[in-house]
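Each chain is listed here by its residues.
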Amino acid sequence: MNLLIIEPDPSFGGGSEAVVLALARELVDRGHRIVLLHEHAGTMLADYRAFGTELVEASLPGFSLRAPLRTFACVLGIARVARANHVDAILSSHLGFIQHAALLRRLFGIHACFHLGLSLAHPPRSLRLAMPSAGAGVAPSAHSLATWKAGGWDPDALHLVHNWVDATRFAPASDRAALRRELGMAQDGRHIVFVGRLCQQKGVDVLLEAFARIADARPDLFLHLVGPIAPDFVPSLDSALARASGVRDRIRLLPATAQPEHYYAAACLTCAPSVGDEAFGLTVLEAMSCAVPVVATSIGMVPQILGAEDAWLLAAPGDAESLAERLAWWIDRPGMGHEVGERLRRRALEQYGSAASVGRYETILAELAPRPRGGAAHGA
């Protein structure tokens, strides 16, 4: 198949963008051709280019009823790129293009598939009207899928496909000391790592409060926050850091990275302290695959991903005291952490490998492709 991926800003820092990048890589390995349509020079471009993706840069404004000509021009531009590259189907994680997809299907017969990486909350009327014609929607959890179904997506076009992990890439460190030197982490320190968008929903301010509670008595304890800072979270982050001023010198703010697996593998413990809705919990799965214990909150699919046997890794969402207790317990028991980390890696490999999930996406995309008279999709 020839597939067009639409990602206006293909950058590391968002889980959905990472899922689509990983999917694109796997699909290329299976013999499919990928064209990436983007607007900004995001940090993922080198990765897309590395596995043979053709890159097309264009203006990709979001849908707006106040600027219908601009929106329609964008739809026409996408159609031109699709036609020029004999595209069989469109794939995107950018939910702002659902309305565009409905128009592309109705006007040009071009079908799309969306990775629904967020649960649907309060859709505007234009989105509700577009969803029945948007094409296929793939949700990573039953809860997320139910929100899109309730919002109006065609139930026959909705699919449940769990996110997955590349266990070859996300693996334990062969030389943790060398990895820590490379990342600037103290060799003899104890390290807690958070990877993801620094925002209210992810519970970063709660994590900072919990860290401040336990770090005073543990002078070798460090916290590494790896990811982009949401602009509207800056005041809350500044306040949380001010409250943790006594241990501020052991808190590192680091930009989003193309290699989060290095931070997981170098850590003693990872933390996913989300307080808001999580459609899946990909960072939890990635850390598990690196054989590192994950202290997380009981949000969405996270308890299911960790498994009942390791429910004691969970803290109450938004409860800094509960989170601090869990972090302290595990950081003080490195032997237990190693044992549990190995068990979590086995679970990640057994329950969330890539083969089944990528195969499901491949089937869904093939069903969207146009069928010539011979019966087979062109471009395969």
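What you see as residue numbers is a count from 1 along each chain, following the sequence as written. The predicted origin of the model limits local features to residues at a pLDDT of at least 70 and limits the giving and counting of side-chain atom pairs to 80 or more, whereas totals for whole chains, interfaces and linings rest on all residues. In computing side-chain properties, one takes all heavy atoms of the structure into account and sets aside hydrogens as well as water.

Here we come to empty space enclosed by the protein. The rolling of a water-molecule-sized probe over the atoms marks out the regions of remaining empty space. Definitions used throughout: a 1 Å grid over protein atoms alone; a cavity as a set of points that fits a 1.4 Å probe which cannot get out; a pocket as an open set with protein on both sides within 12 Å along at least five of seven lines; a lining residue as one with an atom within 4 Å of a point. Grid points are joined across faces, edges and corners, and a volume is the space filled by probe spheres set on the points. Under the counting rule described, the total for this entry stands at two cavities of 30 Å³ or more. The volume enclosed by the largest cavity comes to roughly 50 Å³. If you go around the largest cavity, the residues you meet are Val193, Phe194, Val195, Tyr264, Thr270, Cys271, Ala272, Thr283, Val284, Ala287 and Val294. Strands here are runs of E lasting at least two residues and helices are runs of H or I lasting at least four, both read from the DSSP assignment and numbered beginning at the N terminus. For the lining of the largest cavity, the secondary structure elements donating two or more residues are β8 (190-195), β11 (269-272) and α11 (282-289). For this classification, Asp, Glu, Lys and Arg are treated as charged, while Ala, Val, Leu, Ile, Met, Phe, Trp, Tyr, Cys and Pro are nonpolar and the rest, including Gly, are polar. Grouping the amino acids of the lining of the largest cavity by side-chain chemistry returns nine nonpolar, two polar and no charged. Here the second largest cavity is characterised by a volume of approximately 40 Å³.

A separate point is the side chain of serine 354. Considering the arrangement of structural elements, one finds serine 354 in helix α15 (residues 354-368). Among the polar contacts listed, one links the side chain of serine 354 to the side chain of glutamate 26, at a separation of 3.3 Å. The contacts of serine 354, once residues within four sequence positions are left out, are Glu26, Trp164 and Val165. What qualifies as a polar contact is a pair of N or O atoms within 3.5 Å, subject to a donor-acceptor requirement within protein and to the restriction that residues adjacent in sequence count only when both atoms come from side chains. In this description, contact between two residues means that some pair of their heavy atoms is separated by no more than 4.5 Å.

Turning our eyes to something else, we now look at the sheet that holds strand β2 (residues 33-38). Whether two strands pair comes down to DSSP finding at least two bridges between them. The strand order across the open sheet built from seven strands is β3-β2-β1-β4-β5-β6-β7, with neighbouring strands paired in parallel fashion. In the strand order of this sheet, the two ends are held by β3 (54-57) and β7 (158-160), each with one partner. The average angle at which neighbouring strand axes cross in this sheet is 25 degrees, direction not considered. Bridge count for strand β1 (residues 2-6) against strand β4 (residues 89-92) is four bridges, and the pairing is parallel. Bridged to isoleucine 6 within β4 is serine 92. Simply put, an axis is a line fit to the C-alpha atoms, just over the touching stretch for a helix, and the angle between two N-to-C directions goes from 0 to 180 degrees.

As a further point, take the pairing of strand β10 (residues 251-254). As defined by bridge partners, strand β9 (residues 221-226) adjoins β10 across four bridges and the pair is classed as parallel. Bridge pairing links leucine 225 to leucine 253 in β10. The path from the first strand over the helix to the second decides the hand: if it runs clockwise while the strands point away from the viewer, the crossover is right-handed. For the crossover that starts at β9, traverses helix α9 (residues 234-243) and ends in the parallel β10, the hand is right-handed.

So, on to the confidence of the model for the protein. When pLDDT is low, close inspection of the predicted coordinates is not appropriate. pLDDT runs from 0 to 100 and stands for how confident the predictor is about each residue. For the protein, the mean per-residue pLDDT works out to 93, and 97% of the residues sit at or above 70. Predicted confidence is poor over residues 373-380, with pLDDT under 50, and the contacts of this stretch with residues over four places away or in other chains come to 15 contacts.

This part covers the sheet that holds strand β13 (residues 314-315). Read across the open sheet, the six strands follow the order β10-β9-β8-β11-β12-β13; overall the sheet is parallel. Strand pairing shows two members of the sheet lacking a second neighbour, β10 and β13, which therefore form its edges. Across two bridges, strand β12 (residues 294-297) lies against β13 in parallel orientation. In the sheet register, threonine 297 faces β13, and the bridge partner there is alanine 315. Sitting on the sheet, α11 touches β8, β11 and β12, and the angle it makes with β12 is about 165 degrees.

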